[in-house]
Amino acid sequence: MKFFFFALIVLNLSYSYAQDTIYFLDVDKLINESNGGKKIISKLEKINIENIKKIEVFSKKLKQEEEEINRIKNIISNEDYIKKKEDLKTQIIAYRDKKNKIFDNYNNLKNQELRIYFKNITPIIEQYMETNSIKLILDKKNIFIADANYDITDKLIIFLNKRLKND
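Presented here is an overview of the structure given in this document.

**What about the overall build of the protein chain?**
When helices and strands are tallied, the protein chain shows five helices and two strands. For the protein chain, the α and β elements follow one another from N to C terminus as α-β-α-α-α-β-α. The 167 residues of the protein chain split such that 25% are buried. For the protein chain, contacts bridging at least 24 residues in sequence account for 81% of all contacts bridging at least 6.

Written as structure tokens, this is what we have:
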């Protein structure tokens with residue numbers, strides 16, 4: 001009986017200790033609202049806008065060519081029409097390849113920028129954890145339900161912004 005009582009107290013203390021050292025944060029909010037994250041997002045948005053403009057220019061050119069081919073299809077010979085259609089198909093394939101390459105390059109750049117950002121802020125987050133006796137921080141996306149008092153996102157954003165401003 002004494003062992004059972006002792007075990008219950010130890011488990012209860014361990015549970016409450018673990019509970020107080022586990023927090024969560026919203027990683028998306030951290031990126032969107034921290035100064036470093038805002039810089040990355042701004043840079044990526046500019047690049048994305050440029051990429052979209054490039055794709056739209058090429059797309060408009062293809063549409064104009066298609067309209068031109070359809071407009072003159074009754075005027076030109078069947079062989080010329082087939083040749084122009086084949087050229088257009090080749091250009092469409094090149095357009096799709098170019099578009100896919102642009103999006104792949106953008107996604108690679110985005111992943112690289114975020115990887116570098118998290119590599120740079122990890123020591124700062126670790127310092128925050130040590131200062132506040134936090135043992136574990138989970139991503140909010142991976143939590144089914146939790147008490148909002150254990151969300152440290154806003155506090156961590158403030159801490160990051162102050163630290164990165166001073167560094």
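**Things to note about the nonpolar core**
Within the largest apolar cluster, 21 residues are counted, with the highest numbers of intra-cluster contacts made by Leu25, Leu30, Ile125, Ile134, Ile137, Ile152 and Leu160. Elements with a contribution of two residues or more to this core: strand S1 (22-25), helix H2 (27-33), helix H3 (35-72), helix H4 (78-131) and helix H5 (153-166). For this core, the element with the most residues is H4, which contributes eight residues. Sequence-distant contacts of Ile152, that is, excluding residues within four places in its chain, are made with Tyr23, Phe24, Leu25, Tyr128, Ile134 and Ile137. Core analysis: the next-biggest nonpolar cluster, separate from the first, contains eight residues, Ile55, Phe58, Ile69 and Tyr81 among them.

**Section: the packing of aromatic side chains**
Note on aromatic pairs: each is described by the distance of the centres and the angle between the planes. Applying the stated criterion across every chain, the model contains four aromatic pairs. Where Tyr23 meets Tyr150, the ring centres are 5.4 Å apart and the plane angle is 45°; that geometry is what we call tilted. Here the residue Tyr23 occupies a position in strand S1, and Tyr150 occupies one in the loop between strand S2 (136-139) and H5, the gap between them amounting to 127 residues. With relative accessibility at 18%, the residue Tyr23 sits in the buried group. What makes Tyr150 partly exposed here is its relative accessible area of 22%. Over the aromatic face of Phe58 sits the side chain of Lys98, whose NZ or CZ is 5.3 Å from the ring centroid.

**Regarding the pattern of salt bridges**
Tallied over the entire structure, the rule returns six salt bridges. A salt bridge links Lys29 to Asp154; the nearest nitrogen and oxygen atoms lie 2.7 Å apart. Taken as a pair, Lys29 in helix H2 and Asp154 in helix H5 lie far apart in primary sequence, 125 residues in all. Under the relative-accessibility criterion, Asp154 is labelled partly exposed at 42%.

Parameters and conventions
- Residues numbered from 1 in each chain as written.
- Predicted model: local features only at pLDDT ≥ 70, side-chain atom pairs only at ≥ 80, totals over all residues.
- Heavy atoms only, no water.
- Helix = DSSP H or I, 4+ residues; strand = E, 2+ residues; numbered from the N terminus.
- Buried < 20%, exposed > 50% of the residue type's maximum accessible area, 1.4 Å probe, protein only.
- Contact = heavy atoms within 4.5 Å.
- Core = buried A, V, L, I, M, F, W, Y, C linked by side-chain atoms within 4.5 Å.
- Phe/Tyr/Trp six-rings, centres within 6.5 Å; stacked < 30°, edge-to-face > 60°.
- Lys NZ or Arg CZ within 6 Å of the ring centre and 35° of its normal.
- Salt bridge = Lys/Arg side-chain N within 4 Å of Asp/Glu carboxyl O.

Such coordinate-based values are descriptive only and should not be taken to indicate function.
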